[in-house]
Amino acid sequence: GKRKRSSTSVMYDSDGSEDSDILVRKVSAKRRCIIDDDESSEKQQPDKTCPTENVSTNRKEKVLAKLKELARQSAARRSCSSANCEDSNSEAEIEEEPLCQLPLTPSEGSETDSGSMKDFIVEEEEDNNDDDDDDTEHVKSENRPHQKQPNPSNSKLLAQYIPQLSRCDHYVHFKRIVKAFLINAIDDTFLSSLYDGTRQKKYAQDMLLSLHYLDNRFIQPRLENLICRSRWKDRYKERVDCYPDVRISLKDAKNMSCQACEMKRCCKFSVLLSGRLYNSKTLEVDDFMSDDKQVLKVGVVCANRTRVYHNLKHFKYKLYMGCSSVAELDGVEDEPVKDTVERLFSHLEESGWIQERYNDLEDYMEDADNFQEEK
């Protein structure tokens, strides 16, 4: 028997041959347009109870013409290369390959197709008719193969490719670095062997990862931000980079060219740079001109920027020097390096020294993040 179609509107178009009759059924907005080619379509008539019964024949023809034009344009863009996508007079082929004739499915249609379909979708009230439920299930089952599976979240990707990084918070990285510095204070080849790839054990690789994290995530981006927003000359920046010690003091004000930015300023701060040059990775010290000092007169903004920049730039070196001092004062006893490091580390952690240094780092980063723009 015939199925009832109480909530669908049916339109016919024929070019004179029975094979070219097209049945177009419009379903609710969340359903797909379905095109059937059925030789028995001439016998079927539109349901008089359809919500679109008052729509004029002229409007139906316009909508159908637009649908056919859209089908032709879409087919031309697709230019299916597969033999299965070629036109066929067989009803079976039309049912199996509807997308090549009229690619209107949301998952395979282009954005242009999706946008164009808005003109042809007719909102209809929800109907509890059993036939509509069957149609809905049919459309959903057709759509399922075309749905894309969701991509893994960023956190899952991070855990997959960098598992050590994803499971560590900042303080865990910091404690690893303290341990690496304690080892290097006893064996001064440790850091260089980390960076040249000699040490491949997991604990060593974890320490190297944390050192990179400190440099590339904590310090370097903030240094670059401080520099790009300043008017510092390269020569002044190089001086601040080379000297690990700085003393900024207030002096008599003088209208002159600031020796940091070379702008006319009321310069009332003296910047004293000193200390030995060192390697930024292995922290090995260069004794060349170890007693050299630089005294520069700068304005208030450049003086403040110097303080913030210098604190971050040389934080790692100062942290290492602190670890070296602890190792020297406690005395390296006749015991394995691992045991000595664990003992010193436990002492520093229990005394709160590690947490204090970490708090210093957070303060320096906050100062850099909140530093005012150049005036």
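Here the structure is a predicted model, which is why all the values come from computation and not from measurement.

Reading the values: the criteria
Residues numbered from 1 in each chain as written. Predicted model: local features only at pLDDT ≥ 70, side-chain atom pairs only at ≥ 80, totals over all residues. Heavy atoms only, no water. Helix = DSSP H or I, 4+ residues; strand = E, 2+ residues; numbered from the N terminus. Expected span 1.5 Å × (residues − 1). Buried < 20%, exposed > 50% of the residue type's maximum accessible area, 1.4 Å probe, protein only. Arc of directions from axis to C-beta. Contact = heavy atoms within 4.5 Å. Pairing = 2+ DSSP bridges. Axes fitted to C-alpha atoms, helices over the stretch in contact; angles between N-to-C directions. Core = buried A, V, L, I, M, F, W, Y, C linked by side-chain atoms within 4.5 Å. Salt bridge = Lys/Arg side-chain N within 4 Å of Asp/Glu carboxyl O. pLDDT = per-residue confidence, 0-100. Phe/Tyr/Trp six-rings, centres within 6.5 Å; stacked < 30°, edge-to-face > 60°. Lys NZ or Arg CZ within 6 Å of the ring centre and 35° of its normal. Polar contact = N/O pair within 3.5 Å; in protein donor to acceptor, adjacent residues only side chain to side chain.

## A short note on helix 14 (residues 337-351)
Helix length check: helix 14, at 15 residues, gives a terminal C-alpha distance of 21 Å against a target of 21 Å (1.5 Å per residue), a fit within 8%. Along helix 14, the positions that sit buried rather than exposed are T340, V341, L344, F345 and L348. When helix 14 is viewed along its axis, its buried side chains cluster within an angular range of 125° and face the same direction. Facing away from the buried side of helix 14, by more than 90 degrees, are the exposed residues K338 and E350. In the core, the buried residues of helix 14 are packed alongside helix 8 (170-186), helix 13 (315-330) and helix 15 (353-369). Remark: G352 follows helix 14 within two positions and exhibits a positive phi of approximately 85°.

## Quick word on the pairing of strand 5 (residues 264-274)
Of the strand pairs in this sheet, strand 4 (residues 245-257) and strand 5 are connected by 10 bridges, and their pairing is antiparallel. Directly across from I248, in strand 5, lies its bridge partner V271. Counting the residues that bridge the hairpin from strand 4 to strand 5 gives six residues, and of these E262 lies at a positive phi of roughly 60°. Where strand 5 meets strand 8 (residues 293-298), six bridges bridge the pair, whose relative direction is antiparallel. Bridge assignment links V271 to a residue of strand 8, and that residue is L296.

## Here's the deal with the sheet that holds strand 8
If you walk across this open sheet you meet the three strands as 4-5-8, and the pairing is antiparallel. Only two strands of the sheet have a single partner each, and these edge strands are strand 4 and strand 8. Each neighbouring strand pair of the sheet contributes to a mean axis angle of 20°, computed without reference to strand direction. Helix 11 (residues 234-242) rests against strand 5 and strand 8 of the sheet, and its axis sits at about 130° to strand 8.

## A few points about the nonpolar core
Counting 59 residues, the largest nonpolar core has V178, F181 and V298 as the members making the most contacts within it. Broken down by element, the residue count for this core peaks at 10 residues, all from helix 10 (residues 202-228). Leave out the neighbours within four places in its chain, and F181 touches L191, L211, L283, K316, L319, Y320 and C323.

## Observations regarding helix 8
Three- or four-residue spacings in an α-helix give side chains the same orientation, since the helix completes a turn every 3.6 residues. Taking 1.5 Å of rise per residue, the 17 residues of helix 8 would be expected to cover 24 Å, and the 25 Å separating its terminal C-alpha atoms lies within 8% of that figure. Taken together, the buried positions of helix 8 are occupied by H173, F174, R176, I177, V178, A180, F181, L182, I183 and N184.

## Some thoughts on the pattern of salt bridges
Under the criterion given, the structure shown has 12 salt bridges. For R357, the salt bridge is made with D360, and the minimal N-O distance between the two is 3.2 Å. Here D360 and R357 lie together in helix 15, a separation of three residues that amounts to about one turn. Bridged by salt links that share partners, the residues E356, R357 and D360 form one connected network.

## Description of the confidence of the model for the protein
Per-residue confidence for the protein gives a mean pLDDT of 73; residues scoring 70 or more make up 58%. In the model, residues 80-153 has pLDDT below 50 throughout and makes 82 contacts with residues more than four positions away in sequence or in other chains. Segment residues 162-167: pLDDT under 50, and 10 contacts once partners within four positions in sequence are set aside and those in other chains are kept.

## Some points on the packing of aromatic side chains
The description of an aromatic ring pair uses the distance of the two centres, along with the angle that the planes make with each other. A full pass over the atoms with the stated rule returns nine aromatic pairs. Residues W232 and Y236 carry aromatic rings whose centres are separated by 4.9 Å and whose planes lie at 75° to one another, so their mutual orientation is edge-to-face. Pair check on accessibility: W232 and Y236 agree, each one buried. Among the aromatic residues, those joined into a cluster by ring pairs are Y171, F174, F315, Y358 and Y364. Its end group placed over the ring of F345, K179 keeps NZ or CZ at 5.0 Å from the ring centre.

## What about the side chain of K316?
Along the polypeptide, K316 turns up in helix 13. Only 2.9 Å separates the side chain of K316 from the backbone oxygen of S280, close enough to count as a polar contact. Leaving out residues up to four positions away in the same chain, K316 has contacts with F181, Y195, L211, L214, D215, S280, K281 and L283.

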